[in-house]
Amino acid sequence: MNAPASYVQTPEAKAAYDARWQRVMDCVALKQPDRMPTAFMATFWLAKYGGISYRELMYDYEKTKDIAERAMLEFEPDAPAPTMLAIATGNALEAIDYKQLQWPGHGTRDDQPYQYLDREYMKADEYDEFLFDPTGFYLQKYLPRVAGVFEGLEELPYLPGLHYFRLVASVRMFNKPRVRAALEKLMKAAETIDAWGAEHADFTQRMAAKGFPMSYIATSVSPYDMLADYFRGATGMMKDLYRNKDKLLAMLDKAATFLVRQAIASAKAFGHPVIFIPIHWAPDAFMSDAQFKTFWWPSFRKMLIGLIDGGIIPMPLWESDCTKRLETIRDIPAGKCIYWFERTDMVKAFEVLGDVVALRGNISPSLLATGKPEEVDGAVKHLVDNVYNKGGRLILDGAFGIPDETPVENVRAMFAAARKYAG
Amino acid sequence: MTEQEQNLVNWLADMNEDDAFALAKKMLLEEGANPLRVLELCRNAMDIVGKRFEKGEYFLPELVLAGEMLENIGAIAKPLIKQAPGEEPKKLAKVLIGTVHGDLHDIGKNIVTFMLDINGFEVKDIGIDVPVKTFINEISAYKPDVVGLSGFLTLAFDSMKETIEAIQDAGLRDKLKIMIGGGQVDETVRNYTGADAFGTNAVDAVSLCKTWMGVAA
């Protein structure tokens, strides 16, 4: 990966940038890095660090960039996260009248983080429609349900089957008042979201000039999680394991294909090979081993292989405790992925997966949020002694980054301990 | 138990929803079965579901489907009940449960509520994003034996701590046990918040309540 060129990058900054990137890439390739890399993913913690409200962090691009930069310069992570895309989302969410989140000023208070609304966005009897024509289902059903800006598109004509004079005549449907209104709203929203994207690119270039490569830019989702989180809702999906098994499996297989296409296109657009994939529904406690091997893993494995074949470095974040899944998720080509673990015992993960993937994580959220700096120091030392120094290609991070409530001295302790114990 | 009754229990416990529902419907609407008896069979099946969950054979999908099967059969059975409500079995204890302020998550809380209910507890669920003051008012009025505080986000650590401190300040702490639960909850959080115990799943919650109430777990 090359550093973007809009900001001036000094030779020293370039050397730092290259060294940081190489450290992470060495881990991915299962080679010994020159020292244990550190990652930094903070969302609303930055508000605490910078002394502003969560709401300001979501809306004020300049303040958010300044605070994020200050944090990166203080902690000097090797693998920082793309702050603007993850947090400064208020204007973008408003622009499309997004309905799947509540955020400060839109359902939560100014000092609360955004929270996802688990709902049934696709009904159980709509599998056939989605399976037959995903794009049509998106245009006419799904998009108007999840964002107000798309309301009206459900009046578009059904496109497959239109040709010759029928195709010509169908264009008049775009003149319907609700369709016209949707298109006008969409163009206006696109301007806002384009500006947000430009702020993101600006921040990425600014940090590259100071020697910091982003650890990822594009994100994706596993097929099962996509369907559970964004379509069927948690309980709807769980019932589907029994009530709609065959359609569910067909949908998961199909989703693996379109998620790979979408993710590779995103990675290419951003010019960054790492795709971050937060995983919600794999934990040991959520389904049986047999269900995991039937419903969860096959489509995700297909996706991982598709991404790897497309030159992508997938970085799934296995949330909660996935200890019982380790043997199953080992079944991928070696040296191609970063597996980020939240509550899975990292020593156990290293024992099972150390020769297959780089590891990322996993200082406990409760320890970071409520513990003392010396306890954080001890937790880092534990990971260095038992994973990194034993040959584990570990990228040190919080279990899911830095919890919002973490005292600043605990974050300082985490980064200081990384340098103290692992170079 | 008749063969038909045994079938209903087995089909419910084995997640054979279609056959179980069709049979319950037939028993209730065509054969005039006692609705209280059908509901008792449902509870027997739920006992089996709970035990399979404890043994690691069943997971969340089975609890969710079991809850829905019970609800669907209940919707047919309950309007048919002619006896006085006094015949309902006595509840083991009262549990008040809610998601602490700032947190909007409810799936875990709902599953805990369901599991406590089928295990014989009277449960009052006071919802999500519950302000401290609401907890205090509800505890004063409902007089629960156990309070369950739920939270998925790390912000819930402080919300739980504030809620428990307020329960203490209101002079209510000694009269009840407090359990906390949620994705990020562990012993560190229990200690930080001052709760009596924490749990990571619905079976933990049932075991804690049974232990506290002196019922064999």
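Residues numbered from 1 in each chain as written. Chains lettered and ligands numbered in written order. Predicted model: local features only at pLDDT ≥ 70, side-chain atom pairs only at ≥ 80, totals over all residues.

Colleague: Explain the overall build of chain B to me, please; I cannot follow it from the model alone.
Modeller: Within chain B, the regular secondary structure consists of 9 helices and 5 strands. The C-alpha radius of gyration of chain B comes to 19 Å, within 12% of the 17 Å expected for a compact globule of 217 residues. Considering only C-alpha atoms, chain B reaches an extent of 55 × 35 × 30 Å along its principal axes. Across the 217 residues that make up chain B, the buried fraction comes to 47%. Restricting to contacts in chain B with at least 6 residues of sequence separation, those with at least 24 account for 72%. (Helix = DSSP H or I, 4+ residues; strand = E, 2+ residues; numbered from the N terminus. Rg over C-alpha atoms; globule rule 2.2 N^0.38 Å. Buried ≥ 20, exposed ≤ 12 C-beta atoms within 10 Å, placed from the backbone. Contact = placed C-beta atoms within 7 Å.)

Colleague: Help me out: how do you make sense of the overall build of chain A in this one?
Modeller: Scanning chain A from N- to C-terminus turns up 19 helices and 10 strands. A globule of 423 residues ought to have a C-alpha radius of gyration of about 22 Å, and chain A, at 22 Å, matches this closely. Across its three principal axes, chain A shows a C-alpha extent of roughly 70 × 50 × 40 Å. A separation threshold of at least 6 residues defines the contact pool for chain A, and within that pool the share at least 24 residues apart is 72%.

Colleague: What is the right way to read the interface of chain A and chain B from this model?
Modeller: Accessible area lost upon the coming together of the parts serves often as the stated size of an interface. Between chain A and chain B, the residue contacts involve 26 residues of the former and 23 residues of the latter. Going through the elements one at a time, α12 (234-243) and α17 (365-370) of chain A are the ones with two or more residues in the side of chain A that touches chain B. With 6 residues, α12 of chain A is the single largest residue contributor to the side of chain A that touches chain B. Of the residues contributing to the side of chain A that touches chain B, the split by class is 12 nonpolar, 10 polar and 4 charged. (Nonpolar A, V, L, I, M, F, W, Y, C, P; charged D, E, K, R; others polar.)

Colleague: Got a minute to help me understand the sheet that holds strand β3 (residues 146-150) of chain B in this structure?
Modeller: Across a sheet, strands are paired by hydrogen bonds formed along the backbone, either parallel or antiparallel in direction. Residues and elements named next belong to chain B. If you walk across this open sheet you meet the 5 strands as β2-β1-β3-β4-β5, and the pairing is parallel. Lying at the two open borders of the sheet, with one neighbouring strand each, are β2 (122-125) and β5 (197-199). Each strand of the sheet is rotated relative to its neighbour by a mean of 25°, with strand direction disregarded. Strand direction decides the pairing type here: strand β1 (residues 94-99) and β3, joined by 5 bridges, are parallel. Across the sheet, the residue bridging to L96 is V147, located in β3. The strands that helix α6 (residues 132-142) touches are β1, β2 and β3; relative to β1, the one it contacts most, it runs at about 170°. (Pairing = 2+ DSSP bridges. Axes fitted to C-alpha atoms, helices over the stretch in contact; angles between N-to-C directions.)

Colleague: When you look at the pairing of strand β3 (residues 101-104) of chain A in this model, what are you seeing that I'm missing?
Modeller: Put simply, side chains in a regular strand alternate between the two faces of the sheet. Residue and element names in this part refer to chain A. Bridge count between β3 and strand β5 (residues 115-116): 2 bridges; the pairing is antiparallel. When the bridges of β5 are listed, Q102 appears paired with Q115. Two strands pair when backbone bridges link them, and β3 and strand β4 (residues 107-108) are joined in this way by 2 bridges, in the parallel orientation. Bridge pairing in β4 places W103 opposite G107.

Colleague: Sorry if this is basic, but what is going on with the sheet that holds β3 of chain A here?
Modeller: Pairing is mixed in the open sheet, where 3 strands are placed in the order β4-β3-β5 (chain A). Only two strands of the sheet have a single partner each, and these edge strands are β4 and β5 of chain A.

Colleague: Honestly, the environment of Q9 of chain A in this entry has me stumped. Any pointers?
Modeller: Secondary-structure assignment places Q9 of chain A in the segment before α1 (11-28). Between the alpha carbons of Q9 of chain A and A209 of chain A there is a distance of 4.2 Å; along the sequence they are 200 residues apart.

Colleague: What is the right way to read the nonpolar core from this model?
Modeller: Nonpolar side chains tend to gather and get buried jointly when the protein is soluble and globular. Within the largest apolar cluster, 196 residues are counted, with the highest numbers of intra-cluster contacts made by L46, I275 and L359 of chain A. Looking at which element gives the most residues to this core, the answer is helix α13 (residues 245-270) of chain A, with 11 residues. Split by domain, the residues of this core number at least three in each of domain 1 (3-85) and domain 2 (94-212) of chain B. Excluding residues that lie within four positions of it along the chain, L359 of chain A makes contacts with Y339, F341, M346, A349, F350, V387, G392, R393, L394 and I395 of chain A. (Core = buried A, V, L, I, M, F, W, Y, C linked by C-beta atoms within 7 Å. Domains from an automatic or database assignment.)

Colleague: I would appreciate a short explanation of the pairing of β1 of chain B in the present structure.
Modeller: Residues and elements named next belong to chain B. By the criterion of burial, β1 is predominantly enclosed, with 5 of the 6 residues buried. Relative to β2, β1 is paired through 4 bridges, and the arrangement is parallel. Residue pairing for β2: K94 is matched across the bridge by E122. Read from β1 through helix α5 (residues 107-118) to β2, the crossover connection turns out right-handed. (Right-handed = clockwise from strand over helix to strand, strands pointing away.)

Colleague: What am I meant to see in the domain arrangement of chain B here?
Modeller: All names here are of chain B. Per the domain assignment, the segments making up chain B are domain 1 (3-85) and domain 2 (94-212). Computed from C-alpha atoms alone, the centre-to-centre distance between domain 1 and domain 2 is 28 Å. Counting only elements with at least two residues in the side of domain 1 that touches domain 2, the list comes to α3 (35-54) and α4 (60-77). Top contributing element to the side of domain 1 that touches domain 2 by residue count: α3, with 5 residues. For the side of domain 1 that touches domain 2, a count of residues per class yields 4 nonpolar, 2 polar and 2 charged.

Colleague: How do you make sense of unusual backbone geometry when you look at a structure like this?
Modeller: With the exception of glycine, the majority of residues adopt a negative phi angle, and the majority of peptide bonds are in the trans configuration. Residue and element names in this part refer to chain A. Omega for the peptide link from G361 to N362 comes to -25°, which places this bond in the cis form. On the secondary structure map, N362 appears in strand β9 (residues 358-363). Phi at L30 is positive, roughly 65°, even though this residue is not glycine. Mapped onto the fold, L30 is located in the loop between α1 and β1 (39-40). Under the C-beta neighbour-count criterion, L30 is labelled partly exposed, with 17 such atoms within 10 Å. We note that E76 has phi near 50°; this positive angle belongs to a residue other than glycine. Note on placement: E76 falls in the loop between α4 (61-75) and β2 (79-80).

Colleague: Teacher, can you tell me more about the packing of α6 of chain B against helix α7 (residues 156-169) of chain B here?
Modeller: Residue and element names in this part refer to chain B. One can describe the packing of α6 onto α7 by two numbers: an axis separation of 9 Å at closest approach and a directional angle of 40°. The orientation of α6 with respect to α7, classified from their angle, is oblique. Judged by the twist between their axes, the crossing of α6 over α7 is right-handed. Each of V132, F135, I136 and I139 in α6 lies in contact with α7, whose residues at this interface are E162, T163, A166 and I167. Taken together, the residues that form the contact of α6 with α7 break down as 6 nonpolar, 1 polar and 1 charged. (Parallel < 35°, antiparallel > 145°, perpendicular 65-115°, else oblique. Left-handed = near helix turned anticlockwise from the far one by under 90°.)

Colleague: I would appreciate a short explanation of α1 of chain A in the present structure.
Modeller: Along an α-helix, a turn takes 3.6 residues, which lines up residues three or four apart on a common side. Residue and element names in this part refer to chain A. Taking 1.5 Å per residue as the helical rise, α1 with its 18 residues ought to reach 26 Å, and the 26 Å between its terminal C-alpha atoms agrees with that figure. Those residues of α1 that sit buried are Y17, R20, W21, R23, V24, C27 and V28. One face of α1 carries all of its buried residues, which in axial projection span an arc of 150°. Residues P11, E12 and A15 are exposed on α1 and point more than 90 degrees away from its buried face. Remark: L30 follows α1 within two positions and exhibits a positive phi of approximately 65°. (Expected span 1.5 Å × (residues − 1). Arc of directions from axis to C-beta.)

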